[in-house]
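Understanding the architecture of this molecule
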Amino acid sequence: MALVTLPTDIGFVGLGNMGLPMFSNLTRKLPSSSTVHFYDVSSETMEKSLKESGAACRLNPCSNAREVAEKSDFLISIVPEGQHVRAVYLTPETGVLAASDLSGKILVDSSTIDTATSLQVGEETQKRHPKAFFYDGPVSGGVSGAAQGTLTIMLGCPTTDTHLPLLSAVFLLMASNVVPCGGPSLGLTAKLCNNYLSLTISLANAEMYNMAIKSGMDPRLLQSILKISTGSSRNNEQQNPVPGLSPGTPASKGYKGGFKIEYVKKDMGLAIEAAKRVGAKICIGPSVRESYMEAAEDPRCAGLDAKVVYRWLGGDEEWAEKL
Ligand code: NAD
């Protein structure tokens, strides 16, 4: 990769479950001469970010997204849904695009949202600030990947994009992989495809392990067999929905932390919408989404990591004590 100089002023908007650990990695790895300007609508989150980031660089809490954009050369936003991305960028007076001059600045939205919203924000950016550059750059790897700095960033740009070395240099402070996906909104397309598959595999693994354990099989043995068989998956090995099979993950910690089951409705819904928009026939997605939504309504599962779907299926969580 070509040698690039990191921007001295970087902006960060949205410091939630994903944003805060990304922000921590970024601010710990930037030199002390850099400043990260940041903003979240929640004042509690702003305080937490100041206290917990462990930053080596300077931190500048801002009072809105416009201020972050005005003070930074490179801005990252990561908020929940399309409506929040619109609020961050398009709010009159306080949104990013209300900034007086964004010439030469790079704006990357890492939220998982619909491609239409992302394209709209990109077009508005172009219209109001023709010399600014907007990219979709959603992330994969979950909260643990964000904490470990091992995320995959899917960038909505071609491999020939002149900003790719700079985009990679900044995101590699928070990620292991930065992949240019071809053009605007294709980072999101890649992300939605990945979510569609990983949520489906996770539910299928939960069903399959429940069946195996109820049949009297040691799930550790099954896990090792799958590893060398056609049913192998990263979900089976590293993010298994059965407690105890992937130590250190939310499933092995009472399904706490991780990717909230309530988010499946949105992420799977976005993927299903994306398929519909391009006329791609899908069969299992809608039923997978419904299962997770039903599980999210179950008080034993609400608010927990999506792999808690294993609990919802009636999976045995105390299997180890019975073997
Ligand atoms: P979260 O709800 O924990 O955090 C979102 C943050 O955005 C909150 O702190 C909230 O206060 C802030 N926010 C909302 N509107 C804002 C605004 N207008 N201006 C400034 N801040 C605002 O969500 P999260 O888990 O961090 O997820 C963020 C995005 O990343 C979502 O699109 C999600 O789908 C995606 N994602 C999440 C995970 C995961 O495992 N949690 C994994 C990959 C991608």
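Definitions and cut-offs
- For every chain, the first residue of the written sequence is number 1, and numbering continues from 1 onward in sequence order.
- Local features in this predicted model are restricted to residues of pLDDT 70 or higher, and side-chain atom pairs are both shown and tallied only at a pLDDT of 80 or more, whereas totals for entire chains, interfaces and linings draw on every residue.
- Water and hydrogen atoms play no part in the side-chain values, which are based on all heavy atoms of the structure.
- We define a salt bridge as a contact between a side-chain nitrogen of Lys or Arg and a carboxyl oxygen of Asp or Glu at a distance within 4 Å.
- Relative accessibility thresholds used throughout: buried, under 20% of the residue-type maximum; exposed, over 50%; partly exposed, between the two (1.4 Å probe, protein chains only).
- Start and end positions for the domains come from either an automated domain assignment or a database one.
- Here, two residues are considered to be in contact whenever any of their heavy atoms come within 4.5 Å of each other.
- Summed over both partners, the accessible surface that disappears when two parts come together, traced with a 1.4 Å probe, is what is meant by buried area.
- Polar contact criterion, stated in full: a pair of N or O atoms within 3.5 Å, where within protein one must be able to donate a hydrogen and the other to accept it, and residues adjacent in sequence count only if both atoms are side-chain atoms.
- Each helix is a run of DSSP H or I of at least 4 residues and each strand a run of E of at least 2, with the numbering of both proceeding from the N terminus.
- Aromatic rings from Phe, Tyr and Trp, with only the six-membered ring used for Trp, were paired whenever their centres fell within 6.5 Å, and each pair was classed as stacked if the ring planes differed by under 30 degrees, edge-to-face if by over 60, and tilted otherwise.
- By convention in this text, a residue qualifies as near a molecule or strand provided that one of its non-hydrogen atoms is within 4 Å of it.
- Only the protein chains shown count as covering a residue, and every accessible area follows the Shrake-Rupley method with a 1.4 Å probe.
- Residues are grouped as follows: Ala, Val, Leu, Ile, Met, Phe, Trp, Tyr, Cys and Pro are nonpolar; Asp, Glu, Lys and Arg are charged; all remaining types, including Gly, are polar.
- A cavity here means a set of points on a 1 Å grid, drawn over the protein atoms and nothing else, where a 1.4 Å probe fits but cannot get out; a pocket is an open set with protein on both sides within 12 Å along at least five of seven lines, and a residue lines either one if it has an atom within 4 Å of a point.
- Grid points are joined across faces, edges and corners, and a volume is the space filled by probe spheres set on the points.
- At least two bridges found by DSSP between two strands is the condition for calling them paired.
- Here, axes are lines fitted to C-alpha atoms. For helices the fit covers the stretch in contact, and angles between N-to-C directions go from 0 to 180 degrees.
- A patch consists of residues exposed above 30% relative accessible area that lack any salt bridge, with like charges linked at up to 9 Å and nonpolar side chains (Val, Leu, Ile, Met, Phe, Trp, Tyr) linked at up to 5 Å.
- For the charge count, each Lys or Arg is scored as positive and each Asp or Glu as negative, with His and the chain ends excluded.
- Taken as the charge location is NZ of Lys, CZ of Arg, CG of Asp or CD of Glu.

Inspection of every chain in the model, using the stated rule, returns nine salt bridges. We note a salt bridge from Lys322 to Asp316, for which the minimum N-O separation is 2.8 Å. For Lys322, a relative accessible area of 60% corresponds to the exposed category. Several salt bridges converge on common partners, so that one network encompasses Glu124, Lys127 and Arg128.

Turning our eyes to something else, we now look at the domain arrangement of the protein chain. Considered domain by domain, the protein chain is made up of domain 1 (9-183) and domain 2 (189-322). Computed over C-alpha atoms only, the centres of domain 1 and domain 2 are separated by 29 Å. In this complex, domain 1 contributes 13 residues to the contact, which on the side of domain 2 involves 12 residues. Around 1100 Å² of area is buried between domain 1 and domain 2 when both sides are counted, 59% of it from carbon and sulfur atoms. When the buried surface of domain 1 facing domain 2 is broken down by residue, Thr112, Thr115 and Met154 rank first, second and third, together holding 40% of it. If you look at where domain 1 meets domain 2, you find zero salt bridges. In this assembly, domain 1 and domain 2 are joined by five residue pairs in polar contact (both at pLDDT 80 or more).

Below, the discussion takes up unusual backbone geometry. One non-glycine residue with positive phi stands out, namely Glu93, at about 75°. When you line up the elements, Glu93 lands in the loop between helix 4 (82-90) and strand 5 (106-109). The class for Glu93 is exposed, based on a relative accessible area of 61%. A positive phi angle, near 60°, is found at Tyr255, a position not held by glycine. Looking at the element boundaries, Tyr255 is found in the loop between helix 10 (234-238) and helix 11 (262-277). Residue Tyr255 is classed as buried on the basis of its relative accessible area of 0%.

Turning next to the packing of aromatic side chains. Here the structure, examined in full by the defined rule, presents five aromatic pairs. A ring pair is formed by Phe12 and Phe23, whose centres lie 5.8 Å apart and whose planes are at 75°; its orientation type is edge-to-face. Here Phe12, found in strand 1 (residues 9-13), pairs with Phe23, found in helix 1 (residues 19-29); they are 11 residues apart in sequence, far enough to count as distant. Judged by relative accessible area, Phe23 falls into the buried class, the value being 0%. Here the aromatic residues Phe12, Phe23 and Phe38 are joined through ring pairs into a cluster of three or more.

Let us look at the site of the ligand. Around the ligand sit 26 residues, and of these Asn17, Met18, Asp40, Pro80 and Tyr263 come closest. Between a nitrogen atom of the ligand and a main-chain N or O atom of Val41, the distance comes to 3.3 Å. One of the side-chain N or O atoms of Tyr263 is found 2.9 Å from an oxygen atom in the ligand. Contact with the protein chains hides 89% of the accessible area of the ligand, taken as 840 Å² for the molecule alone. Sorting the residues of the shell around the ligand by element identifies helix 4, helix 6 (142-148) and helix 11 as the ones contributing at least two each. In the shell around the ligand, the residues fall into 14 nonpolar, eight polar and four charged. The residues that make up the shell around the ligand include at least three from each of domain 1 (9-183) and domain 2 (189-322).

Considering only enclosed or pocket space, the second largest pocket measures out at about 310 Å³ in volume. Considering only residue class, the lining of the second largest pocket consists of five nonpolar, seven polar and three charged. Counting contributing residues per domain, the lining of the second largest pocket is built from domain 1 (9-183) and domain 2 (189-322), each supplying no fewer than three.

On to the sheet that holds strand 4 (residues 74-77), then. Sheet architecture is open: six strands sit in the order 3-2-1-4-5-6, paired in parallel fashion. Across the chains shown, the open sheet's two edge strands, defined by having one partner strand only, are strand 3 (58-61) and strand 6 (133-136). Strand-to-strand twist of the sheet, defined as the mean angle between neighbouring strand axes without regard to direction, takes the value 20°. Packing of helix 4 onto the sheet brings it into contact with strand 1, strand 4, strand 5 and strand 6, and relative to strand 5 it is tilted by some 160°.

Negative charge collects at one region of the surface, where Glu262, Glu290, Glu294 and Glu297 lie side by side. The element contributing the most residues to the negative patch is helix 12 (residues 285-297), with three residues. With respect to the helices and strands, Glu294 occurs in helix 12.

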